[in-house]
Amino acid sequence: GESLGAYATLLELVPDTVLLERIVVGFNYDDLPGDPSAFTISKFVQFSLAKGSYSQRLSAGMLMRLSNQNPDQFYADQVRNYDRNNPTFQRRWDDVRAQLLRLRALASKHSAKPPVLIIFPLMISFENYPVEEAQAALVELALQVGFQPLNIYSIMKAKHLDGLEYRNGTHFNSTVHHIIAEQLALQLD
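As a starting point, this report considers the structure included with it. Remember, it's a predicted structure, so these values are computed and weren't measured experimentally.

1. Digging into the pattern of salt bridges
Scanning the model with the defined rule gives six salt bridges in all. The salt bridge involving R102 is made with E12; its shortest N-O contact spans 2.7 Å. On the criterion of sequence distance, the pair formed by R102 in helix α5 (residues 89–108) and E12 in helix α1 (residues 3–13) is long-range, its members being 90 residues apart. For R102, a relative accessible area of 35% puts it in the partly exposed group. Take E12: its relative accessible area is 45%, and that puts it in the partly exposed class.

2. Some words on the sheet that holds strand β3 (residues 148–151)
Within a sheet, each strand pairs with its neighbour through backbone hydrogen bonds, oriented either parallel or antiparallel. The three strands are arranged β1-β2-β3 in an open sheet whose pairing can be described as parallel. Looking along the sheet, the strands with just one partner apiece sit at the ends: β1 (24–27) and β3. This sheet shows a mean twist of 25° between the axes of neighbouring strands, independent of strand direction. Bridging between strand β2 (residues 116–119) and β3 involves four bridges; their strand directions are parallel. Residue pairing for β3: I118 is matched across the bridge by L150.

3. Looking at the packing of aromatic side chains
What the rule picks out here adds up to six aromatic pairs. Ring centres 5.6 Å apart and planes at 65° place the aromatic pair Y29 and Y75 in the edge-to-face group. Taken together, the residues Y29 in the loop between β1 and α2 (41–48) and Y75 in helix α4 (residues 71–81) connect sequence positions 46 residues apart. Since its relative accessible area comes to 10%, Y29 is described here as buried. Arranged with centres 5.2 Å apart and planes meeting at 80°, the rings of F126 and Y129 form a pair that is edge-to-face. For the pair formed by F126 and Y129, the shared burial category is buried. Taken together, the ring pairs in this structure connect F126, Y129 and Y153 into an aromatic cluster. Directly above the aromatic system of W93 lies the positively charged group of R84, at a separation of 5.5 Å from the ring centroid.

4. Focus: unusual backbone geometry
The phi dihedral of N128 is positive, around 55°, even though this residue is not glycine. Locating N128 in the fold gives a position in the loop between β2 and α6 (132–144). For N128, a relative accessible area of 69% translates into the label exposed. Not every positive phi belongs to a glycine, and H160 is a case in point at roughly 60°. Counting through the fold element by element, H160 comes out in the loop between α7 (152–158) and β4 (167–168).

Parameters at a glance
- Residues numbered from 1 in each chain as written.
- Predicted model: local features only at pLDDT ≥ 70, side-chain atom pairs only at ≥ 80, totals over all residues.
- Heavy atoms only, no water.
- Salt bridge = Lys/Arg side-chain N within 4 Å of Asp/Glu carboxyl O.
- Helix = DSSP H or I, 4+ residues; strand = E, 2+ residues; numbered from the N terminus.
- Buried < 20%, exposed > 50% of the residue type's maximum accessible area, 1.4 Å probe, protein only.
- Pairing = 2+ DSSP bridges.
- Axes fitted to C-alpha atoms, helices over the stretch in contact; angles between N-to-C directions.
- Phe/Tyr/Trp six-rings, centres within 6.5 Å; stacked < 30°, edge-to-face > 60°.
- Lys NZ or Arg CZ within 6 Å of the ring centre and 35° of its normal.

Here you go:
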């Protein structure tokens, strides 16, 4: 996830004279930088084989195809990424804070209103949601640095909707898109 940096890059391209009514950005579950010490086949292949000879690159391609994760594996990796006991977690969390501060500063050049940060949930079972604490901390962080958070997990939970039932692969379905649009419209009014 590099969307916070991408939003900042886009805002840097907007001329200072351009004023906007409101700026809306999203925080996806994979926007928390990954644990650099976590071993994955993809990291190994990219580091060791993908830049080698033809046969090494061929082997790398086959290994990459084998390492494609199903949605449940992908989400399990994301849950591990949010483990506060991981020795790299605080540094990665501080990086998110720095990116949000940068975005807030850039947004304030173009709008007098605070930017909205849509916080997207992991689309997994919300019963015993393993990243609920981290999601609440992200809402708090967003408020601290001057964003108006829109926490989709809380909205879905209040509507008794579960992430497993409303996803397509690793993304949410049209029902959740509709809910996000409705809630965003209410927040922007």
